[in-house]
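Inside the fold
Take a look at the letters that make up each chain.
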Amino acid sequence: MDFNKNGGRLDLRKIKGIGERQAEKIISSFGSEKEFLKAVQNYEVDRINSIEGVSQKKAIHIINTFLGNPNKEFLKTDQSEHIYNDIIEKILGFANTKYSENRILLMSPLKNEKTITDNIDFVMKAKYSVSQLPLEEIKTLLKKIDSLEEPKPNYDPSNAILVETQEDYHQLIEMGLNSYCPVITGDEFENPEDFEFIVYVYSEGLIEFESQNIAMVNSSAEKFEIVPEIVLSYFKKNYHVIENTLKIKEILGRKSLLGDVIDIINLLEAQDLDETIFDKTVESAKNKADLKLKEAIEKIDLKGDEVLDLLNESMPKKIQKIFDEVITEAQNEVREKTGVSFDPFIQKYPLELDHAEIERIKKQEMGKKYINAFEGNVKAAKTLSNMKRMVEEEIQEILLFDYEFTLGCFAHYYDLNPPEIGNGFSFEGGINLNLALENKAEIQRVDYTLESPDNVVLLTGANSGGKTTLLETIAQICIMSQIGLPVCATKARVKLVDELYFFSKKRSLDAGAFESFDELEAITELEAAVKIISSFMDFIGESDSLAVIVTHMATEILKYTNVRVDGIEAKGLDENYNLIVDRTPRMNYFARSTPELILRRMYEKSDNKLKDIYRQVLEKF
């Protein structure tokens with residue numbers, strides 16, 4: 001399949017790691033190429049990742065490739081990719097929704113200056129916005145937001161759909177309505193009482209019956225007019241997402257129709273049918289009536305002829321009056337609580353229940369209630385069906401807000417500032433992201449400049465003095481700027497570059513032509529090593545590239561090339577013999593080495609002959 005991106009065309013099968021079979025499987029799972037491309041443009045990593053055999057990493061790779069964001073074109077070494085991943089992980093720490101996580105995972109270094117500056121402006125506006133919001137409250141609500149889900153049909157065998165012909169039957173089967181309840185034809189229909197509720201989908205009205213539990217719907221009706229649960233279950237399933245989205249929009253002061261949706265769903269829940277109300281109400285009224293009868297009859301003083309009436313199985317007027325009053329009162333209670341006037345009691349002591357009458361009334365009234373509820377559900381389903389698109393847009397709006405909120409929080413908590421895109425590379429008050437959130441007095445912000453004609457620099461200084469941290473800070477500022485993020489510095493000017501190389505002895509590298517550069521200091525012959533390194537530096541210096549090289553061979557290298565040397569000065573040792581370092585590099589300055597300071601620490605901690613030995617060694621520095 002093809003995708004038109006900036007005039008180019010891309011075939012899913014040509015993406016590395018995607019073969020013919022998997023490409024077909026991916027497209028098939030979306031139903032069409034159009035739907036797949038829609039998912040790509042909506043950054044739906046999790047939807048693509050849900051396909052069997054497609055990992056999250058591969059899903060990200062697919063979307064990045066289609067959107068033209070291949071990281072490998074920019075991040076040319078394992079270490080530069082590691083720094084990029086570390087930045088992304090820090091941003092992900094502020095994400096609250098799967099949508100936001102996916103968008104963050106797809107962020108890549110860019111090369112278009114306008115797109116980069118637009119992105120930086122976007123994040124800075126988000127930074128200001130979050131500074132005005134109740135962050136913890138919004139975070140709590142956002143964590144309860146997700147994309148809306150289509151629920152699986154809930155099959156209810158107690159209900160049925162009745163049709164007249166086999167043709168009607170097959171039509172409803174094709175519509176998938178048999179996933180919700182049995183679909184039966186007139187030939188199979190015998191007793192309406194076999195089901196609690198029946199929807200009769202008629203064409204000509206050929207079937208005649210007498211029953212209170214049947215609603216009639218024309219065969220030309222919409223699916224939700226036959227089974228309103230098709231629509232209602234969608235909104236019930238996503239009730240809490242809708243509810244929490246509404247709360248966020250209220251905090252943000254944005255208009256919303258979600259309150260109307262919530263009201264409709266709540267009203268439906270309040271109207272849920274409960275046929276046990278008849279049994280419970282009648283039983284309660286009976287118990288009260290029995291107690292009243294007992295108390296009243298115990299107080300009656302019967303005369304001789306009244307006793308004879310009892311023996312002749314006739315009810316004395318005094319007792320009959322009591323029964324009439326108590327039973328009438330019980331009937332009134334049942335009517336008030338059920339809304340139905342009927343007599344479920346048989347006059348005896350204690351009272352007996354007329355179960356046949358109770359069941360008749362239950363079926364009659366529940367049939368009416370089912371029909372009323374069905375009509376109410378159809379009305380609600382129609383209203384909600386018309387609102388569905390707008391509801392989905394509101395949820396998507398808040399998912400997009402979380403993406404903005406995530407970036408805004410990242411910029412807010414790390415106190416990021418917008419870089420200026422220009423020539424050269426410099427920053428003031430810069431700090432490594434790994435140190436930015438630590439509130440320690442000894443953490444120092446640094447300034448640095450790297451620009452023509454000094455576009456290649458040797459960096460010297462003490463071990464553990466901060467040289468590697470500075471290099472990582474430079475790489476972070478470079479990567480973040482080209483992603484379109486503000487940077488961790490009070491002020492910065494950044495030159496857009498095509499590629500970023502970061503070499504470290506701590507990691508195995510795969511960097512093409514530069515692969516061996518990292519190992520040059522390991523060459524046994526020092527003279528040969530410095531000649532090779534100086535040659536590389538000359539090549540870089542003659543280009544538009546920028547380079548900072550940390551080395552302990554600065555003196556030897558300068559015999560073969562003329563570049564600026566900067567130094568991170570270790571000033572000495574504190575009372576605990578820890579390094580005292582000014583971590584802002586001094587320009588055109590050779591910094592003192594760590595070995596001298598280590599020897600001095602050993603000298604201070606030693607005594608007698610050993611101390612004298614260290615003194616003599618120090619004299620040679």
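The structure contained in this document is the topic of the report that follows.

**Looking at the overall build of the protein chain**
Within the protein chain, the secondary structure is distributed over 23 helices and 16 strands. Across the 621 residues that make up the protein chain, the buried fraction comes to 43%. Contacts in the protein chain between residues far apart in sequence, at least 24 positions, make up 69% of those at least 6 positions apart. Of the accessible surface of the protein chain, which amounts to about 33,500 Å², a share of 47% is contributed by carbon and sulfur atoms.

**Comments concerning the sheet that holds strand β4 (residues 183–185)**
Strand order in the open sheet formed by four strands is β4-β3-β5-β6, and the pairing between neighbours is parallel. Each having just a single partner strand, β4 and β6 (214–218) make up the two edges of the open sheet. Each neighbouring strand pair of the sheet contributes to a mean axis angle of 30 degrees, computed without reference to strand direction. Where helix α9 (residues 166–174) meets the sheet, its contacts fall on β3 (159–163), β4 and β5 (197–202), and the angle it forms with β4 comes to roughly 170 degrees. Helix-sheet contacts for helix α17 (residues 355–413) involve β5 and β6, and the interaxial angle to β5 is about 55 degrees.

**Quick notes on a nonpolar patch on the surface**
Residues L610, I613 and V617 make up a contiguous nonpolar surface patch of roughly 230 Å² in combined accessible area. Within the secondary structure, L610 sits in helix α23 (residues 608–618).

**So, the pattern of salt bridges**
All told, the structure shown has 24 salt bridges when counted by the stated rule. The salt bridge involving K98 is made with E101; its shortest N-O contact spans 3.9 Å. Taken together, the residues span about one helical turn, with K98 and E101 both in helix α6 (residues 98–105) at a distance of three residues. Between E394 and K249 there is a salt bridge whose closest N-O contact spans 3.1 Å. Placement of the pair is E394 in helix α17 and K249 in helix α12 (residues 239–252), with a sequence separation of 145 residues.

**Here we look at unusual backbone geometry**
Here the amide bond leading from Y349 into P350 is cis, since omega sits at -10 degrees, within 30 degrees of zero. Inspection of the secondary structure puts P350 in the loop between β7 (345–346) and β8 (352–353). The residue after S452, namely P453, is reached through a cis peptide bond having omega 5 degrees. Examined against the element boundaries, P453 turns out to sit in the loop between β11 (446–450) and β12 (456–461). Its identity as a non-glycine residue notwithstanding, Y43 has a phi of 60 degrees, on the positive side. In this structure, Y43 sits in the loop between α2 (33–41) and α3 (45–49). Looking at Y43, the relative accessible area reads 23%, which means it is partly exposed. Residue D415 is not a glycine yet carries a positive backbone phi of 50 degrees. With respect to the helices, strands and loops of the structure, D415 is situated in the loop between α17 and β9 (420–421).

**Here we look at the packing of helix α5 (residues 78–92) against helix α19 (residues 467–483)**
Running from N to C, α5 and α19 cross one another at 65 degrees; their axes reach a closest spacing of 10 Å. One finds that α5 runs roughly perpendicular with respect to α19. You can see that α5 and α19 cross each other, and the crossing is right-handed. Contacts from Q79, S80, I83, Y84 and I87 in α5 reach E472, A475, Q476, I479, M480 and I483 in α19. When the residues that make up the contact of α5 with α19 are grouped by side-chain class, the tally is seven nonpolar, three polar and one charged.

**With respect to the sheet that holds β9**
Across the sheet, which stays open at both edges, the four strands sit in the order β9-β13-β10-β11 with mixed pairing between neighbours. Two strands in the sheet have a free side with no partner beyond their single neighbour: β9 and β11. Together, β10 (425–430), β11 and β13 (491–494) form the strand contacts of α19, whose direction differs from that of β10 by roughly 110 degrees.

Cut-offs used in this document
Residues numbered from 1 in each chain as written. Predicted model: local features only at pLDDT ≥ 70, side-chain atom pairs only at ≥ 80, totals over all residues. Heavy atoms only, no water. Helix = DSSP H or I, 4+ residues; strand = E, 2+ residues; numbered from the N terminus. Buried < 20%, exposed > 50% of the residue type's maximum accessible area, 1.4 Å probe, protein only. Contact = heavy atoms within 4.5 Å. Areas by Shrake-Rupley, 256 points an atom, 1.4 Å probe, with all protein chains shown as cover. Pairing = 2+ DSSP bridges. Axes fitted to C-alpha atoms, helices over the stretch in contact; angles between N-to-C directions. Patch = residues over 30% accessible without salt bridge, like charges linked within 9 Å, V, L, I, M, F, W, Y side chains within 5 Å. Salt bridge = Lys/Arg side-chain N within 4 Å of Asp/Glu carboxyl O. Parallel < 35°, antiparallel > 145°, perpendicular 65-115°, else oblique. Left-handed = near helix turned anticlockwise from the far one by under 90°. Nonpolar A, V, L, I, M, F, W, Y, C, P; charged D, E, K, R; others polar.

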